[in-house]
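Okay, here's what each chain looks like letter by letter:
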Amino acid sequence: MSPGRVAIAMTTTNPSAWARDRVAAALVARAPEIAARTATVAPRLERVLAAFAAERLGVHHFASVSGYGHGDLGRETLDRVFARVLQAEAAAVRLQFVSGTHAIAAALFGVLRPGERMLSITGRPYDTLEEVIGLRGEGQGSLAEFGVLYDELPLTAAGRVDEERLAEALAVPTRLVLIQRSCGYSWRPPLPVAEIGRLVERVKAVQPEAIVFVDNCYGELVEDLEPTAVGADLIAGSLIKNLGGTIAPTGGYVAGRADLVERACCRLTAPGIGSEGGTSFDCNRLLFQGLFLAPQMVAEALIGADLVATVFAELGYPVHPAPGAPRSDVIQAVRLGAPEPLLAVCRAFQACSPVGAYLDPVPAPMPGYASDLVMAGGTFIDGSTSEFSADGPLRQPFVLYVQGGTHHGHVGLALERALVALQTLPSLEAAGAGSA
Ligand SMILES: Cc1ncc(COP(=O)(O)O)c(C=O)c1O
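Residues numbered from 1 in each chain as written. Predicted model: local features only at pLDDT ≥ 70, side-chain atom pairs only at ≥ 80, totals over all residues.

Things to note about the sheet that holds strand 7 (residues 252-256)
Part 1: If you walk across this open sheet you meet the seven strands as 1-7-6-5-4-2-3, and the pairing is mixed. The sheet terminates laterally at strand 1 (90-94) and strand 3 (149-152), the two strands that pair on one side only. If you compare each strand with its neighbour and ignore which way they point, the axes differ by 20° on average.
Part 2: Alignment of strand 5 (residues 211-215) against strand 6 (residues 234-238), held across three bridges, turns out to be parallel. Across the sheet, F213 pairs through a bridge with L234, a residue of strand 6.
Part 3: On the sheet, helix 4 (residues 73-85) packs against strand 1 and strand 7 and is oriented at approximately 125° with respect to strand 1. (Pairing = 2+ DSSP bridges. Helix = DSSP H or I, 4+ residues; strand = E, 2+ residues; numbered from the N terminus. Axes fitted to C-alpha atoms, helices over the stretch in contact; angles between N-to-C directions. Contact = placed C-beta atoms within 7 Å.)

What about helix 12 (residues 408-423)?
Part 1: With 16 residues, helix 12 should cover 22 Å at 1.5 Å per step; its first-to-last C-alpha distance of 23 Å lies within 8% of that length.
Part 2: When helix 12 is considered as a whole, its buried residues turn out to be H408, V411, G412, A414, L415, E416, A418, L419, A421 and L422.
Part 3: Here the buried face of helix 12 lies against helix 2 (15-29), helix 10 (284-314) and helix 11 (339-351). (Expected span 1.5 Å × (residues − 1). Buried ≥ 20, exposed ≤ 12 C-beta atoms within 10 Å, placed from the backbone.)

Some remarks on the site of the ligand
Part 1: Around the ligand, the neighbouring residues are S99, G100, T101, Y126, T128, Q180, S182, G184, D215, C217, Y218 and S238.
Part 2: Along the lines of polarity and charge, the residues of the shell around the ligand split into three nonpolar, eight polar and one charged. (Near = placed C-beta within 6 Å. Nonpolar A, V, L, I, M, F, W, Y, C, P; charged D, E, K, R; others polar.)

What about unusual backbone geometry?
Part 1: Each neighbour pair has its own omega, and for H320 with P321 the value is -5°, a cis peptide bond.
Part 2: For P321, the position within the fold is in the loop between strand 8 (319-320) and strand 9 (332-335).

Let's talk about helix 5 (residues 100-111)
Every α-helical turn comprises 3.6 residues, leaving residues that sit three or four positions apart pointing alike.
Part 1: Look at helix 5: 17 Å from first C-alpha to last across twelve residues, which is about the 16 Å you get at 1.5 Å a residue.
Part 2: Buried positions along helix 5 lie against helix 6 (129-133), strand 4 (176-180), strand 5, strand 6, strand 7 and helix 9 (258-268).

Overview of the domain arrangement of the protein
Part 1: One can read the domain layout of the protein as domain 1 (3-42 + 295-431) and domain 2 (48-291).
Part 2: Between the C-alpha centres of domain 1 and domain 2 the distance comes to 28 Å.
Part 3: A per-class count over the side of domain 1 that touches domain 2 returns 15 nonpolar, nine polar and three charged. (Domains from an automatic or database assignment.)

Shown next as structure tokens:
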């Protein structure tokens, strides 16, 4: 039901003024959370600065060695800085990681061997991992094709880890347990780091030798601790998400136990080369500077997410997380219930983008995804979801996933446009929008 939204839409004679008022009201409503998010920047930045200082970061680390990249002082320093910030024994930060999916795939292929079992305890992993695991597609060298066994423990109806069935799921020898921290394209809460820590303990109690791997995409710097601080053995993510601070041009990272990071690097490069090769293309400064900016960018993204949640919830759309709820990732899901509003909001966000505002987002196939996707992403770095962006698979229940944003003022402007666009849509009620 969305009576509030329809009533508001019908009585509005000046859509722009109405939209501005809604966003202004959301800013007022979220003032305590905005202050709290802003207050998290200093301690997290302090951690980054402490890592820079401990590793004696200097301008001589900005250049990189070309060719093989052997002995690259900048890369080695960057790895140690990231390890400190991620509270891990070791890290490998590489522009050669094409994306988060690639970093996760390198970690999984690096660790798992034929005949070993991998268990996802957060239900079906993110869409792009289906082809990596071998749940979709064939002939591409998936884990399944290399003889890795896969099982998953479905989430409960509330989208939580099914702890009652956890011990049973772990009853057979298991080499790797996969935990996805963020919601991905699913209607579920993100996993708080404390909960990840508790799950690690439970896993190790049954399978002490199991490696707990966390897909950390979109979670970095959202909380004080990272999964590696609470017992996760290995984590991976993308640099065009949180830790790249919106200026890393590409790349990804793995972090955790030093032996496991090395194994992931052996998969990325080659056995024998591991973490010791790979130029940084003279981009080290961008990676250090992105990390320096990341605490602020993540806080802004979280404030933007709070605004999106508030504005759409006020209109009667189901949102996840709820306005003001604790967060462990930067994603805000809005269930729009029909393709028309999904497209309308994406169009409005795109039109309010700094780059490509003239483009009209249309649903299209995307490598790694089974469904067509619609994406609003007029970002300076192509595909960067740490800059303000929104996307969703074109499938029921037509959920829009919003993330990123360098300043929440930008998110506010984009929301105003989206509200105006929604007002001009013919009868959404019939399409089922807003039904819980
Ligand atoms: C939970 C999760 N894991 C992995 C990925 C894949 O990241 P990338 O798009 O960088 O490959 C995503 C992307 O949205 C995600 O949400």
